Amino acid sequence: MVIGCKHRITSEMILTPFTEPWLTKQSNNTCLDGVLFTLTAYTHYYNPLFVFVPCAGAGGWSPLVSDRYQWLEVDLGRRTQITAVATQGRYGSSDWLTAYLLMFSDTGHNWRQHRQEDSLGAFPGNSNADTVVQYKLEQPVIARFLRLIPLDWNPSGRIGLRLEIYGCRYTSSVASFDGSRSSLVYRLSVRASWTVMETISLKFKTLKNSGTLLHAEGQRDHSLTLVLEKGKLLLYHLQGVSSSSGGQLLVSLGSLLDDQHWHHVKLERLSTHLNLTVDKNTLQVQIPADLSHWHIHTLTVAAVQSHGLQKPILSNRNFHGCLENLLYSDINLIDLAKHGSSQVAIVGNVTFSCAEPVSVAVTFTDSHSFLQLPGLTSWSTGLVSVMLQFRTWNKGGLLLTFGLPQQDGTVFLYLSQARLRLQISKAGRSSLDLSAGGFSHDLHVSLFICVYIRVCLMVTSLDEGATAHISISVPLTSDSQLFFGGCPTGESAQKCKNPFNTFQGCMRLLNLDDQTVDLIKVQQRLLGNYSHLQIDMCGIIDRCSPSHCEHGGICTQSWSTFHCNCSNSGYRGATCHSSIYEQSCEAYKHKGNMSGHYYIDVDGSGPIKPQLIYCNMTEDKTWMVIQHNNTELTRVQSSAERNQHFAYFDYSSEEEQLVAVISQSEHCEQELSYHCRKSRLSNTLEGAPFSWWVGGAGPGQSQTSWGGALTGTQQCGCSLQDSCLDPSHDCNCDADYDQWTEDSGLLTHKETLPVRSLVLGDIHRPGSEAAYRVGPLRCHGDKNFWNAAFFDKETSYLHFPTFQGELNADISFLFKTTSSSGVFLENLGIKDFIRIELSSSTEVVFSFDVGNGPLDVRVKTSLPLNDSRWHRVQAERNVKEASLRVDNFPAATHEAPTDGLMHLQLNSQLFIGGTASRQKGFLGCIRSLQLNGVTLDLEKRAKITPGVLPGCPGHCSSYGSLCQNEGRCEEKANGFSCDCGQSAYTGAFCHKEVSATFKSTTSITYILKEPFELSRNSSGLPSSIYSDITLRGENISLSFSTNQSPALLLYVSSFYREYLILLINKNGEDSQIAFSLGCLLLINDCNAREDLNLTSDVEFNSIKSLILGRVEEPDGLDAEMAELASLGFTGCLSGVHFNSISPLKAALLHPDSPVIVTSPLVQSSCGSSSPANTYAAETTHSLSGQPGSVDPGQPLVNTIRSDSALIGGNAILLSRNKNKSIDYKS
């Protein structure tokens, strides 16, 4: 409400027939004279029965018929600034409105509906006849006419109303331009100095969709041009007096601006950018450098008057319409022109009033809309023409249909796939089908398209120039009925059939035989018939301007809604709000991902774009690695011509991405190495350094400390370790030796990272040489991901400032609990609220109210959520829908009402883990809580809050399954790690196979028992010898790849001449497990991974050693088996595991283990994956097939027979237990 505009501008009414206006009489000094009222009765045989009085008096207005076609119209006599409307029911009755619409107009035609929050059209009314309900307009409305349309009323009564309007008089300066040569040219006086900001503001209204509004010329032949093109405002920059180009488009804003309503425009030029405002929406654009100190010296209004020096943006398209309050800074240019100022030249026909053409439009609002018009008497001549203009968002819909009774046919004019089509059907079959247009979706929705049909010589044309024609006779008579937009129901439906969608949009300038249809008569039921129409207004809404699609999502729309195409944006949801990527490498790791390149979205739904980052997960810590343009060691030669060498580093991530990554990481580091020969870093302690580097956010700051030294010192890492070559200097290079040395180390102070440039100074002396290396930026730890709090009481909670999520709110967090219910989060407003809670052990509920009534979005899970494991919740609410996700269960969504309230208005504190009432509190842990991409610091707040503890240990219950291949999960304060000590594998999840390539001479012997240990035992019985070496069962697993057949894979011997051998059969298709323990198993198929379980009733006593590859001294083997053992193994072995022993891993990674290796052994990646194309002679086997038939008579290697089991494979998993049977499991 505007201060000083609180006057009540209505007064008592005198009853007159509804066809004549009512003139009000002044009742007090707050009312305005000359206020006219028009009421509706809408009946042919009754007069209005009730009178209107203001809220202060008795009586009221009530139409005879209570339906949605009634209205009350107020003529304020002149344009007025309206700030508030108050309603009350009819005095002493049950008649009051519960909802209504407000319309405003300058002329009494072309009404514009006033909307709250750009969406909701209905205003809340009264709940009884006596209470006054006042609605204060967020922005004052300037209009002469106000129309109130009842929507709903007391079901026990009827429409009843007392009304007051609040506001004040409005004055303005107006100019009208005819679109030919009329314009204003303003030449600024010479200014003393350049100003930081220039501002131009105005209001305009027009029916034309294109025209030049402003053309501003300045020094150096630069100019800015603001044009209206197809209903949008475009701002161009031109340079050069002879420029033949159309200029550079800087920004585009607004749409549907050719609606003959006033639109506010403001253009601000600041030193670095331009702000363009159209109505409520503002866009900012960086201006070209040439305009940073540019100012206007000539401003042309409504046309381009540059004497042909520059090509106009819109050739021959001057502005046709009205301008109001045209201000350059604080100078009113229209006032200057009106009073004959010499600074303003008037060109052509410019008038200082706004004479508006009357154009009555009609809006087809829904699927029940139609307009029925009778034929004309002149149609008996057989020559018919129909013309109309339409505007819509939909690609399809019926525009016009009428019957051809003499030919048993029907004519259809309709839209299909954004093309205009004309179809004539006879006897149910199509005899004519024309199409025209082919206009784009954007084109046909932004313009009023003119359609002209001439029947007899049938021509269909569009104002964009597309035509289609054919000659055909189509007789119509005065009895014919024309149906626009759709068909009625009931008796009239027999005359109208619509096989297409109903038209939703606006039509205007309906002409039959060049006679304009009087739509006001239609509105008064004096002509034709209609239903579900809004007459004398175009109610089209551009739901994509401004676009609610975020992060580059593409907005498209229909009449009633809009859609966002989020493809390739990296975001999802109805408005492309929520990121599909994780916020750190740490988060990817805890989803089980391995090292690789991943898109990281550091702020989730925030404005920072996702970035492609390498995640190194091979170490205990998870590193984010950000590369720059030069990470190699770079040599610098001495040069007498230059005193300094400059190096600049451009990173693969943008500035805001770098800052966010460094901020959220627990630790960041960057290697900085300087190799030198007679090239110093520092001068004397008092003197300026020879070399320095620049690092930190933005442009960065100069740094003189080098790798490994403390920040802010002029030192190197060797000074902290007292290891510098010359103790009198703090850097090795400062010793100035004529030999190569270096100062290298890690930069770890986050505020100085990343390194942006390097300046090397002492390189010009003869003999000076240097080289430098700046490594990639490496960061680990995600402070947001592990930020947690533990709530140990139902009455405990954390509180934060009010959540700001008016139009878009996304909330994500992890929780774990043993409780079956509790509130995770709650924030209240006066009426609005938002809440997420665990309602049962298998249900999470997202509740909110934005003024349309409370809504619940529920996700039921098939598994309990109170299992003390981490579960993820993601809730989002936007103008399109609300959604809720829990873990990987199906998401639940709830669509928002099309014309409902959109803004979430909250004002209380945000409660986490409980509610303001301290009821239904949450028991358990909440972690990584983010609201609209911003992480709340739960730990910091928990440290000062009773009943809440910072942090939350116990992650292995949730993430322990990520540890593979017998890796053991170990708890950490922030997360977990996998202990691979008992696994044959290595890596972050014990997932990386340890492989080596064997030659025939390669041998690995793992000593299980030294010989002298036997003599220490007093008993000679095998069962008493070191129990862990007396085996009652074996578990063996390994992978291999070889072209050798036969070949020995593994040999285990004992002090009692017992053995176990795993070997490959001669034919290369099977593998054998041979041992003197009495069992045999044969497996032929080796295409899939399998587990093998052998059982016997014997023990493997006092084993001595395990050998991979060649066996130098086979013990207990017969001659043929011993010969095979001496041949060794040629190929690849990987992931070898015998019970708890990993001999290959021990030999490669743990040289201090009891391992003897002959022949060089190097770790390789031969076991990580099978080659795509192998040599024909080499076979990669897999003990992984389905069980084959067992043939006890089948020969083993070279027909050798023994008590052996035979299997074939690449991934062998073998276990033997002391039992009485043999068991094989796939």
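Here the structure is a predicted model, which means the values were calculated and not measured. (Residues numbered from 1 in each chain as written. Predicted model: local features only at pLDDT ≥ 70, side-chain atom pairs only at ≥ 80, totals over all residues. Heavy atoms only, no water.)

**Student:** Which residues make up the overall build of the protein, and what are the values?
**Tutor:** Tallying secondary structure elements over the protein gives eleven helices and 86 strands in all. In the protein, which comprises 1226 residues, the proportion classed as buried is 54%. Considering only contacts within the protein whose residues lie at least 6 apart along the sequence, 71% involve residues at least 24 apart. For the protein, the exposed area adds up to about 52,700 Å²; of that, 49% sits on carbon and sulfur atoms. (Helix = DSSP H or I, 4+ residues; strand = E, 2+ residues; numbered from the N terminus. Buried < 20%, exposed > 50% of the residue type's maximum accessible area, 1.4 Å probe, protein only. Contact = heavy atoms within 4.5 Å. Areas by Shrake-Rupley, 256 points an atom, 1.4 Å probe, with all protein chains shown as cover.)

**Student:** Give me the lowdown on the sheet that holds strand β52 (residues 755–760), citing residues and values where you can.
**Tutor:** Ordered in space as β47-β52-β49-β50, the four strands form an open sheet in which the pairing is antiparallel. Lying at the two open borders of the sheet, with one neighbouring strand each, are β47 (645–648) and β50 (701–703). Within this sheet the neighbouring strands show an average axis-to-axis angle of 20°, counted without direction. Both β47 and β52 contribute to a ladder of four bridges, which runs antiparallel. The residue of β52 that forms the bridge with Y648 is S757. (Pairing = 2+ DSSP bridges. Axes fitted to C-alpha atoms, helices over the stretch in contact; angles between N-to-C directions.)

**Student:** Please provide a residue-by-residue account of the state of the cysteines, values included.
**Tutor:** Inspection of the entire model under this criterion finds 16 disulfides. Put simply, C963 and C978 are joined by a disulfide, and their sulfur atoms are 2.0 Å apart. Of note, the bridge from C963 to C978 carries an S-S torsion of about -85° and is left-handed in sense. Of this pair, C963 sits in the loop between α8 (956–959) and β69 (968–972) while C978 sits in strand β70 (residues 975–979); the two residues are 15 residues apart in sequence, bridging distant segments of the chain. (Disulfide = S-S within 2.5 Å.)

**Student:** Mind laying out the pattern of salt bridges, listing which residues take part and the relevant values?
**Tutor:** If you walk through the whole model with that rule in mind, you get 30 salt bridges. Across the salt bridge formed by E669 and R778, the nearest N and O atoms sit 3.5 Å from each other. Of this pair, E669 sits in strand β48 (residues 665–677) while R778 sits in strand β54 (residues 777–782); the two residues are 109 residues apart in sequence, bridging distant segments of the chain. Here E671 ties to R773 by a salt bridge, and the two come within 2.4 Å at their closest N and O atoms. One end of the pair, E671, is in strand β48; the other, R773, is in strand β53 (residues 769–774), with 102 residues separating them in the sequence. The structure contains a network of salt bridges with shared partners spanning R79, D106, K205, E324 and E356. (Salt bridge = Lys/Arg side-chain N within 4 Å of Asp/Glu carboxyl O.)

**Student:** Quick one: what's the story with the packing of aromatic side chains, residue by residue and with numbers?
**Tutor:** Scanning the entire structure with this criterion turns up 26 aromatic pairs. Taken together, a centroid distance of 5.7 Å and an interplanar angle of 15° make the contact between Y100 and F123 stacked. Placement of Y100 in strand β5 (residues 97–105) and of F123 in strand β7 (residues 123–124) is noted, with a sequence separation of 23 residues between them. Under the relative-accessibility criterion, F123 is labelled buried at 1%. (Phe/Tyr/Trp six-rings, centres within 6.5 Å; stacked < 30°, edge-to-face > 60°.)

**Student:** Any details on the sheet that holds strand β60 (residues 843–849)? Residues and values, ideally.
**Tutor:** Pairing is antiparallel in the open sheet, where six strands are placed in the order β56-β65-β58-β59-β60-β61. One side of each edge strand has no neighbouring strand; the edge strands of this open sheet are β56 (798–800) and β61 (855–860). Geometrically, the sheet is characterised by an average inter-axis angle of 15° between neighbouring strands, direction not taken into account. As defined by bridge partners, β60 adjoins β61 across six bridges and the pair is classed as antiparallel. By the bridge assignment, V845 is partnered in β61 with R858.

**Student:** Go over the side chain of S105 with me, naming the residues and quoting the values.
**Tutor:** With respect to the helices and strands, the residue S105 is situated in strand β5. Assessed through its relative accessible area of 3%, S105 is described here as buried.

**Student:** Which residues make up the environment of V661, and what values go with them?
**Tutor:** By the element assignment, V661 lies in helix α5 (residues 655–664). The exposure class of V661 is buried, given its relative accessible area of 0%. Linking V661 and D601, residues 60 residues apart in sequence, is a C-alpha distance of 9.4 Å.

**Student:** Residue-level account of the UniProt feature "domain: EGF-like" (unreviewed entry) in the protein, with values.
**Tutor:** Those places that UniProt annotates as "domain: EGF-like" (unreviewed entry) correspond, in this numbering, to residues 540–577 and 953–991. End-to-end, the C-alpha atoms of residues 540–577 are 26 Å apart, and along that stretch the chain is 0% helix and 26% strand. A distance of 25 Å separates the end C-alpha atoms of residues 953–991, which is 10% helix and 31% strand. (UniProt positions renumbered as here; feature names shortened; annotations may be inferred.)

**Student:** So, helix α10 (residues 1119–1127): which residues are in play, and what are the values?
**Tutor:** Among all positions of α10, only M1121, A1122, L1124 and A1125 are buried. Summarising the axial view, the buried residues of α10 lie within an arc of 160°, below the 170-degree limit, and thus occupy one face. The exposed residues of α10 that point more than 90 degrees off its buried face are A1119 and E1123. Where α10 ends, the next residue or the one after it, G1128, has phi of about 75°, a positive value. (Arc of directions from axis to C-beta.)

**Student:** Now, about α5: what can you tell me, with residues and values included?
**Tutor:** For α5, the full list of buried residues reads Q657, L658, A660, V661, I662 and Q664. Residues of α5 that are buried sit in contact with β44 (611–616), β45 (623–626), β48, β52 and β54.

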